Amino acid sequence: ILLVVSIPTFVVQMISLAENVIIAGVMSGIYGVVLIGMIYYYFALVSSDPTDPLIKAHRDGGKCKFDDVATASGERPYECEICKGCVDKNAKHCKRCNRCVDHFDHHCPYVNNCVGGGNYDMFIKFISFVFCATYFYMGTGILSLVDYHT
């Protein structure tokens, strides 16, 4: 929805600022970089898998015996009460995704994926690009209004 609304509106704003080609070119370049970054991190976040590494190993054919498995810190793994898989002590089971997520933060409905230790940095970058796009879009709108009324 953001792309459908923002790109045509931004083009109209740039046409209104076309008398100053340098400003319009620089702003279009910045907007393009921010938009590409936002799209890239969105798809990276949507396609990421924040599942607990012990669950991944068990899913890929590894055995998960609580007596034989040790985590990276050397501790014995915990058992998830919902899926009965062996997980690290910082993992939590997401009821929406039905999987255990390492360092679970939240389930994000906008990307339809859990945010946890495996993709938290991508989530922060995505949110940063969304904020940059929003504030840049607002700034160009205000600039267009000021230019229109002068």
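About the criteria used
- Starting afresh in each chain, residues are numbered from 1 along the sequence in its written order.
- The predicted nature of this model means local features are confined to residues of pLDDT at least 70 and side-chain atom pairs, given and counted, to a pLDDT of 80 or more, with totals for whole chains, interfaces and linings taken over all residues.
- Values shown for side chains rest on all heavy atoms present in the structure; no hydrogens or waters enter the calculation.
- Secondary structure is summarised from DSSP: a helix means a run of H or I of at least four residues, a strand means a run of E of at least two, and numbering begins at the N terminus for each.
- Burial status follows relative accessibility: with a 1.4 Å probe on protein chains alone, a residue under 20% of its type maximum counts as buried, one over 50% as exposed, and anything between as partly exposed.
- Contacts are assigned to residue pairs with any non-hydrogen atoms lying within 4.5 Å of each other.
- Using a 1.4 Å probe, the Shrake-Rupley method yields the accessible areas, and only the shown protein chains count as cover for residues.
- Grouping buried Ala, Val, Leu, Ile, Met, Phe, Trp, Tyr and Cys residues that are joined through side-chain atoms within 4.5 Å yields what is termed a nonpolar core.
- Within 6.5 Å between ring centres, the rings of Phe, Tyr and Trp (the latter by its six-membered ring) count as paired, and their orientation is classed by plane angle as stacked under 30 degrees, edge-to-face over 60, tilted in between.
- Here a salt bridge means any side-chain nitrogen of Lys or Arg lying within 4 Å of a carboxyl oxygen belonging to Asp or Glu.

So what's going on with the overall build of the protein? Residues and values would help.
A tally of regular secondary structure across the protein gives four helices and six strands. Across the protein, helices and strands are ordered from the amino to the carboxyl terminus as α-α-α-β-β-β-β-β-β-α. Counting across all 150 residues of the protein, residues that qualify as buried make up 34%. Across the protein, contacts joining residues at least 24 apart in sequence account for 47% of those joining residues at least 6 apart. Carbon and sulfur atoms form 64% of the exposed surface of the protein, whose accessible area is close to 9,600 Å².

Go over the nonpolar core, please, and point to the residues and values.
Proteins that are soluble and globular tend to have nonpolar side chains buried together. Counting 16 residues, the largest nonpolar core has M38, L45, C108, V111, M122, F123 and F126 as its most contacted members. Elements that contribute at least two residues to this core include exactly helix 2 (21–46) and helix 4 (120–149). Examining the composition of this core, we find that eight residues originate from one element, helix 2, more than from any other. Here L45 is in contact with V111, N113, N119, M122, F123 and F126, once residues within four sequence places are set aside. With five residues, the next largest nonpolar core counts I55, V87, A91 and C100 among its residues.

Before we move on, could you go through unusual backbone geometry and cite the residues and values that matter?
Backbone geometry places N98, a non-glycine residue, at a positive phi of 60°. Secondary-structure assignment places N98 in the loop between strand 3 (92–94) and strand 4 (99–101). The phi torsion at N112 lies on the positive side, around 50°, for a residue other than glycine. Owing to a relative accessible area of 59%, N112 belongs among the exposed residues under this scheme.

Break down the side chain of H107 for me, citing the residues and quoting the values.
By the secondary structure assignment, H107 is in strand 5 (residues 106–108). Look past the residues within four positions of H107 in its chain and what remains in contact with it is C94, R96, C97, N112, N113 and C114.

How would you summarise the packing of aromatic side chains if you had to cite specific residues and measurements?
The way to describe two aromatic rings as a pair is by their centre distance and the angle between their planes. Per the counting criterion, the structure on display carries six aromatic pairs. Both rings, one in Y40 and one in Y41, keep their centres 5.0 Å apart while their planes meet at 80°; by these two values the pair is edge-to-face. The exposure class of Y41 is buried, given its relative accessible area of 18%. Between Y42 and F43, the ring centres sit 5.2 Å apart and the planes meet at 75°, which makes this aromatic pair edge-to-face. Residue Y42 is classed as partly exposed on the basis of its relative accessible area, which comes to 29%. Residue classification places F43 among the exposed positions, given a relative accessible area of 51%.

Account for the pattern of salt bridges, naming residues and giving values.
All chains considered together, the criterion is met by one salt bridge. For R99, the salt bridge goes to D49, with nearest N and O atoms at 3.0 Å. Placement of the pair is R99 in strand 4 and D49 in the loop between helix 2 and helix 3 (53–59), with a sequence separation of 50 residues. Taking the relative accessible area as the measure of exposure, D49 reaches 30% and is therefore partly exposed.

Could you give an account of the environment of L45, naming the residues involved and the relevant values?
Note that L45 resides in helix 2. By relative accessible area, which is 0% here, L45 ends up buried. With 78 residues separating them in the primary sequence, L45 and F123 have C-alpha atoms 6.5 Å apart.

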